Amino acid sequence: MEPELRHLRYFVAVAERRSFTRAAEDMYVAQQALSQQIKALEEILGVRLLDRSSRRVDLTAAGAAYLADCKRLLAASARATEHVRAVAAGAAGRLRLAYSLSAAYETLPALTGRLAREYPHLTVDTREIFAGDVCHALRDHRCDLALAPAADWPEGISRRTVRREPLMAAVCDRHPLAGAGAVDLARLSGETFQLWPRDMAPGYYDAVVGACRAAGFDPALDGSASGTTAWAGIAAGRGVNLVVASLTRQLPRDIALVPLTAPGATLAVDAVWRTDQPHPATDRVLDAFAGLYGADA
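Scoring rules and cut-offs
- Residues numbered from 1 in each chain as written.
- Predicted model: local features only at pLDDT ≥ 70, side-chain atom pairs only at ≥ 80, totals over all residues.
- Heavy atoms only, no water.
- Helix = DSSP H or I, 4+ residues; strand = E, 2+ residues; numbered from the N terminus.
- Buried < 20%, exposed > 50% of the residue type's maximum accessible area, 1.4 Å probe, protein only.
- Expected span 1.5 Å × (residues − 1).
- Arc of directions from axis to C-beta.
- Contact = heavy atoms within 4.5 Å.
- Salt bridge = Lys/Arg side-chain N within 4 Å of Asp/Glu carboxyl O.
- Disulfide = S-S within 2.5 Å.
- Axes fitted to C-alpha atoms, helices over the stretch in contact; angles between N-to-C directions.
- Parallel < 35°, antiparallel > 145°, perpendicular 65-115°, else oblique.
- Left-handed = near helix turned anticlockwise from the far one by under 90°.
- Nonpolar A, V, L, I, M, F, W, Y, C, P; charged D, E, K, R; others polar.
- Phe/Tyr/Trp six-rings, centres within 6.5 Å; stacked < 30°, edge-to-face > 60°.
- Pairing = 2+ DSSP bridges.

1. Things to note about the environment of A88
- Inspection of the secondary structure puts A88 in helix 4 (residues 61-88).
- Under the relative-accessibility criterion, A88 is labelled exposed at 60%.
- In sequence terms A88 and P280 are 192 residues apart; their C-alpha atoms lie 5.9 Å from each other.

Laid out in structure tokens, this is it:
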């Protein structure tokens with residue numbers, strides 16, 4: 001047999017108080033029951049831990065050594081209990097967070113910074129993926145939660161819009177509109193849009209095309225635009241695009257961003273996760289976004 005935690009707690013109570021009576025009172029147990037537990041502990045160990053007299057209780061040399069170990073074990077048990085409860089509540093543990101490019105420059109840093117301040121024991125591992133790969137990453141258990149432009153997510157994927165970020169016109173810095181204070185989106189109707197293919201970024205693609213249609217035109221698309229080639233096309237003056245305003249902080253060379261006149265256009269960013277297996281920290285993430293951008297994003 002091995003001692004149980006209750007044996008250790010009873011022993012520490014008696015050893016620290018040097019009294020069965022006071023220990024029993026503090027532990028809310030009968031003194032006889034406490035004595036029986038200490039006796040059982042000594043029998044399990046095969047060691048006398050306490051010298052008892054009519055007036056006081058003293059520790060033997062073995063009891064003094066065992067007391068120090070018991071305190072460490074009980075403290076470790078308390079930490080383990082606290083930790084597992086924190087993990088179950090989403091305040092600790094590890095969260096694998098995937099994100100698409102549209103969230104990289106402002107949304108993701110704002111989120112991870114807030115989580116680090118509010119939940120310092122929650123480790124957030126981040127990785128950038130194409131928005132078109134989000135569902136596969138979630139279903140293959142390569143991530144626990146993802147941030148991507150709002151889309152028509154399939155069955156089994158839960159979502160909540162956590163932010164709406166303004167879109168701006170990205171043009172070559174030599175473009176006639178580059179120095180404008182703001183531009184009506186309809187003025188870009190004759191331009192070629194350097195827009196990523198829909199299978200790479202479905203929500204972003206739909207947001208841009210939808211904004212153009214709301215402005216009265218169907219955008220002409222450069223079929224070769226993909227990844228960095230889209231930026232190269234804009235920088236070379238071969239077209240334009242709509243991008244999130246936070247790209248101002250990481251703008252490639254030879255490109256300027258121009259605000260859109262009211263009502264403008266926005267990109268909705270969704271937090272998405274598996275419906276059947278939400279990570280314990282999902283609610284913490286949603287609460288953090290509500291604190292950053294409001295509950296009705």
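2. Quick look at unusual backbone geometry
- For the peptide bond that leads from A262 to P263, omega is 5 degrees, which places it in the cis range.
- Looking at where P263 falls in the secondary structure, it is placed in the loop between strand 10 (255-259) and strand 11 (266-274).
- Here R18, not a glycine, exhibits a phi torsion of approximately 55 degrees, which is positive.
- You can see R18 is positioned in the loop between helix 1 (5-17) and helix 2 (20-27).
- With a phi close to 60 degrees, H141 is a non-glycine residue in the positive phi region.

3. A closer look at helix 3 (residues 31-45)
- An ideal rise of 1.5 Å per residue puts 21 Å on 15 residues; helix 3 measures up with 21 Å between its terminal C-alpha atoms.
- Every buried residue of helix 3 is accounted for by L34, I38, L41 and E42. Projected onto a plane normal to the axis of helix 3, the buried residues spread over an arc of 95 degrees and lie on a single side. Helix 3 presents Q32, K39 and E43 as exposed residues on the side facing more than 90 degrees away from its buried surface.
- Of the surrounding elements, those touching the buried residues of helix 3 are helix 1, helix 2, strand 1 (50-52) and helix 4.

4. Brief notes about the pattern of salt bridges
- Within this structure, the stated rule accounts for 17 salt bridges.
- Measuring nitrogen to oxygen at the nearest pair gives 2.9 Å for the salt bridge that ties R159 to D270. One end of the pair, R159, is in strand 6 (residues 157-172); the other, D270, is in strand 11, and 111 residues separate them in sequence.
- The structure contains a network of salt bridges with shared partners spanning E106, R163 and E165.

5. Structural notes on the state of the cysteines
- In this structure the tally under the stated criterion is zero disulfides.
- Between C135, a free cysteine, and C143, which holds the nearest cysteine sulfur, the sulfur-to-sulfur gap is 9.6 Å.
- On the accessibility criterion, C135 (13% relative accessible area) is buried.

6. A short note on the packing of helix 1 against helix 2
- Where helix 1 meets helix 2, the axes come as close as 8 Å, and the angle between the chain directions of the two elements is 130 degrees. By the angle between their axes, helix 1 is oblique relative to helix 2. Here helix 1 and helix 2 pass one another in a crossing that is right-handed. Across the interface between the two elements, R9, Y10, A13, V14 and R17 of helix 1 pack against F20, R22, A23, D26 and M27 of helix 2.
- Grouping the amino acids of the contact of helix 1 with helix 2 by side-chain chemistry returns six nonpolar, no polar and four charged.

7. Brief notes about the packing of aromatic side chains
- Scanning the entire structure with this criterion turns up four aromatic pairs.
- Look at F130 and W196: their rings are 5.8 Å apart centre to centre, the planes differ by 80 degrees, and that puts the pair in the edge-to-face class. Within this pair, whereas F130 is found in the loop between strand 4 (122-128) and helix 6 (134-139), its partner W196 is found in the loop between strand 7 (192-193) and helix 7 (202-214), the two being separated by 66 residues in sequence.
- Residue F130 is classed as partly exposed on the basis of its relative accessible area of 39%.

8. Considerations on the pairing of strand 4
- By the bridge criterion, seven bridges tie strand 3 (residues 93-99) to strand 4 in an arrangement that is parallel. Bridging from a neighbouring strand, A98 pairs with R127 of strand 4.

9. Describing the packing of helix 1 against helix 4
- Where helix 1 contacts helix 4, the axes come no closer than 9 Å and their chain directions differ by 125 degrees. In terms of orientation, helix 1 lies oblique with respect to helix 4. Considering how the two elements wind past one another, helix 1 and helix 4 form a crossing that is left-handed. Across from L5, L8, R9, F11, V12, A15 and E16 in helix 1, the residues of helix 4 making contact are G63, Y66, L67, C70, K71, L73, L74 and S77.
- Counted by class, the contact of helix 1 with helix 4 contains 10 nonpolar, two polar and three charged residues.

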